[in-house]
Amino acid sequence: MEIFTPDGRRHQREVPPAAVRLPLSSWLEGEHLPLNTRCGERGLCRGCLVRVDGRMLRACQAEAGAFETVSIPDASFRDNRLNGVSSFEIGTHRYALRTRPGIGLALDIGTTTVAGALWNLADGTCLAHASAANEQRRFGDNVLSRIDHAVGLGGASPALQSALVKDTLEPLIHTLCAAASIDPARITEAVAAGNTVMLHGFAGARLSGFAAYPFRPEFLGRRTLRSRDLGFTPDFPVFLGASPGPFVGADITLGALASGILEEDAPALLVDFGTNGEILLKTGDGYLATATAAGPAFEGGRLNCGAIAGKGVISSMALRGGEWKVTLAGELSGRITGISGAAYVDFIAEALRAGILNRMGRFDTDHPAVERAEVDGEMQRCVKVCGPLFVSEADVAELIQAKAAIAAGVMTLLELAETRPGELRTVYIAGGFGYHLNCAHAMAVGMLPDVPAERLHVIGNASLGGASLVLQSDAGSAADTLCGNCRVVELNQIDCFEDHFIDCMPLERIS
Amino acid sequence: MSTIEDLKTAVINGRRKDVKTLVPELLESGIEPSALLSQALIPAMGVVGERFKNNEIFVPEMLVSARAMKEAMNVLEPKLLEAGIRPEHTALIGTVEGDLHDIGKNLVATMWKGAGFDVIDLGVNVPAARFIEAIEEHKPHIVGLSALLTTTMPAMRDTVAAIREAGHTSVKLLVGGAPITQSYANEIGADGYSRDAASAVDAAKEALGV
Ligand code: B12
């Protein structure tokens, strides 16, 4: 078969007789030409669309043996240069540092990306930090698809665990060790943060308890495992952080430790802009936590030109004299490949200000920047950003739902705590945006309630920061105390959530 | 003086607060509840659905209009019941077991009300047995099942099978929710599917042959 990849290369591959009936997407995966099989090859999404004889078809629904020539469009090609956020900062804290000989590994296991940091425990210096795509993505881009896959196998999936341990974390550890010129065998211990589903998959635990309400995870409290039992070659203890609830994970508890919110005066807020949209509110007498399931839009998921900030991806943009001025995440090498979540926020805020977009997310058809173009076989209103990159009205609608979910989660917790947004003393913003998010824009589009700029802190990958902190100090027990002190709010059980969700949909300030 | 037309416009534009004052005001002026329903609310939701289908509005506007509609229905429904007015068709709707998402389902319920159906909402996390019980009690013409999670799609399949096994072969089963597709609907033996709340009205009418 002749396969064209978006970089313009042509690959000649033979389909062996045994593979003829395999789904085209599975076969390409084996040939190291992976597609965005977001729905786990169920034929539900458009992530694996390929062009064959001038028409587009889903590679997961077609047989590998059926074609002579296949071309993979940019949007379907699973880019393994995908970058996550491994930058973080650790706020002031009161934990006693435990210096001792050894090399510590901090991990943040996210649904989309994983990040790690290597520490010299003797003097608390960071030797290296890096991130990579979570190779479990081939089982689906959201946790539910992966749970579904595991449930199909009776609950636990060795394939899922090995995709994480063998295909994702081991290469990441090697990257970290190479950067620090350290032999992986010298790692003495590890601390992992991550959402509950990822930690279950990591530990090889059954995922069945997450499939439907009422949720019954196998464990929530902290755990210590041996890396050898997980499938790693070097052997060291691996500490998993404690989670407050089935969908509110150790990523937010450890993130809270790093942010400094525990030391902050109430009311204070921590928002993690990830797929699961976890939120922690510190009130006068404890903590409220929830997950808003915003979806992957802020990480570029389900958007026409969406991408995780990395090489060749637009990390911010501004409208100047009718032209989009874009800034790239890495240095430019070749083509500009996508728009990051933070840059989409810039787009919306700027387009709103310029009158290209109205508060309901509609483009002004009379505006010269707005054109009609065919997207996915439908005519849609679009605005060109640069090169082939554009934003369509459907993209804006997707972002609106995601931002409404997060903002509504925040407003619901505030209402439960009888607190007005203006009373918030501190707001920490963690997660996939990294340091790229323009907070003024985020407030202008109503992603976050309005607070004075000096109270907002963008803190990067807080859960990696938290895992690092636990590695170096006695902060681990504070995470347990936090879980004990934290009420997990199930938003479906709170009537006002739906109202807030609808109220937060327009693109306007929330106060 | 306010008119029925004002109410219609307020619903279309999703001005819930205006709706809240307009409905009692119009009722007080002597207009029948059934007239408000048939001359303001039903046409308003018709316009909303039409605009949605024509890509003139999106989900946010639709949700806002539906909420305004719901506000009006909260006042009107008891009055219609009092007057003994029952719509010709009854629909049952619920989110399947294990799934707690209901914003989309509520929107479908409102659009069905807007199309003049009597809608009984069973809420979320509804086991198959509860659907069957309610079918026997209310004898609906259509039953809507919603699922938003990939992992609760099997519960939807099971519910469809259980309803059929219980002998309810003529009631029309419509399914929807973000992960549901037409082919999945066919596969599990549902009578209809729709991608959004606006076409859910057409799907229901088609299934009923009206
Ligand atoms: C709001 C929301 C929630 C709210 C739900 C509140 C409520 N009362 O419903 C909360 C925060 C509680 C929540 C919880 C969870 N959620 Co949620 N949630 C969402 C969100 C952001 C929006 C869904 C929504 O209401 N959309 C608006 C409505 C109008 O659209 P709709 O539901 O699709 O409905 C339309 C159509 O589908 C159709 N339709 C719907 N039903 C029916 C029925 C019939 C008969 C017909 C004909 C048509 C039809 O018409 C509707 C109107 O046009 C989506 C992400 C997203 N951006 O879509 C995730 C999402 C659905 N959730 C998800 C997840 C994973 C969860 C949780 C498991 C995780 C968590 N964070 O705790 C829990 C599960 C709880 C449970 N057991 O159900 C995932 C599902 C992934 C998957 N493939 O399965 C999504 C996609 C987010 C993601 N991670 O990608 N969620």
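Once a new chain begins, its residue numbering starts again from 1 and follows that chain's sequence as written. Just so you know, chain letters begin at A and ligand numbers begin at 1, following the order they were written in. Local features in a predicted model are, by the rule used here, given only for residues with pLDDT of at least 70; side-chain atom pairs are given and counted only at 80 or more, and totals for whole chains, interfaces and linings are based on all residues. Excluding hydrogens and water, the side-chain values take into account all heavy atoms of the structure.

## Description of the coordination of the cobalt atom of the ligand
We apply this condition: Excluding water, the donors of a metal are its N, O and S neighbours within 2.8 Å, or within 3.2 Å for Na, K and Ca, and that exclusion means sites may look incomplete. Starting at the N terminus, helices and strands are each numbered in turn, a helix being any DSSP run of H or I of at least four residues and a strand any DSSP run of E of at least two.
For the cobalt atom of the ligand, the sole protein-derived donor is His 101 of chain B (NE2), lying 2.3 Å away. With respect to the helices and strands, the residue His 101 of chain B is situated in the loop between β1 (90-95) and α5 (103-114).

## A look at unusual backbone geometry
Residue and element names in this part refer to chain A. Of the consecutive residues Tyr 213 and Pro 214, the connecting peptide bond is found in the cis state with omega at -5°. One can find Pro 214 in the loop between α4 (196-203) and β10 (223-226). Ala 266 connects to Pro 267 through a cis peptide bond whose omega is -10°. Mapped onto the fold, Pro 267 is located in the loop between α6 (250-259) and β12 (268-273). Residues other than glycine seldom take positive phi values, yet Ser 181 does so here, at roughly 50°. Summarising the element assignment, Ser 181 is placed in the loop between α3 (158-180) and β9 (187-194).

## Concerning the interface of chain B and chain A
Our working definition: Should any heavy atoms of two residues lie within 4.5 Å, those residues are counted as being in contact. Note: buried area is the sum, over both parts, of the accessible area (probe 1.4 Å) each one loses when the two are combined. We count a salt bridge whenever a side-chain nitrogen from Lys or Arg sits within 4 Å of a carboxyl oxygen from Asp or Glu. Between N or O atoms, a polar contact is any pair within 3.5 Å; within protein, one atom must be a potential hydrogen donor and the other a potential acceptor, and residues adjacent in sequence are included only when both atoms are from side chains.
Taken residue by residue, the interface counts 27 residues in chain B and 28 residues in chain A. Summing the contributions of chain B and of chain A, the shared interface buries around 2,300 Å²; its carbon and sulfur component is 62%. Summed over the three residues of chain B that lose the most area to chain A, namely Phe 58, Leu 100 and Thr 151 of chain B, the buried surface amounts to 25% of that side. Here chain B is connected to chain A by 4 salt bridges. Between Asp 503 of chain A and Arg 67 of chain B there is a salt bridge whose closest N-O contact spans 2.6 Å. Here chain B and chain A share 7 residue pairs in polar contact (both at pLDDT 80 or more) between them. At the level of elements, α4 (59-82) and α5 of chain B are the ones that each hand at least two residues to the side of chain B that touches chain A.

## Regarding the domain arrangement of chain B
By a frequent convention, interface size equals the accessible area lost on bringing the separate parts together. All names here are of chain B. Stated precisely, the cut-off is as follows: Domain start and stop points were drawn from an automatic or database domain assignment. Charged means Asp, Glu, Lys or Arg here, nonpolar means Ala, Val, Leu, Ile, Met, Phe, Trp, Tyr, Cys or Pro, and polar covers whatever is left, Gly included.
Splitting chain B by domain gives domain 1 (4-82) and domain 2 (90-208). A C-alpha centroid distance of 24 Å is found between domain 1 and domain 2. Residue-level contacts link 12 residues of domain 1 with 13 residues of domain 2. Both faces considered, domain 1 and domain 2 share a buried interface measuring about 1,100 Å² in area, 74% of it formed by carbon and sulfur atoms. Across the contact surface, domain 1 and domain 2 share 2 salt bridges. The closest approach of N and O atoms between Glu 77 and Lys 113, which form a salt bridge, is 3.3 Å. Within the residue set of the side of domain 1 that touches domain 2, elements represented by two or more residues are α3 (33-53) and α4. With 7 residues, α4 is the largest single contributor of residues to the side of domain 1 that touches domain 2. Residues of the side of domain 1 that touches domain 2, tallied by class, amount to 8 nonpolar, 1 polar and 3 charged.

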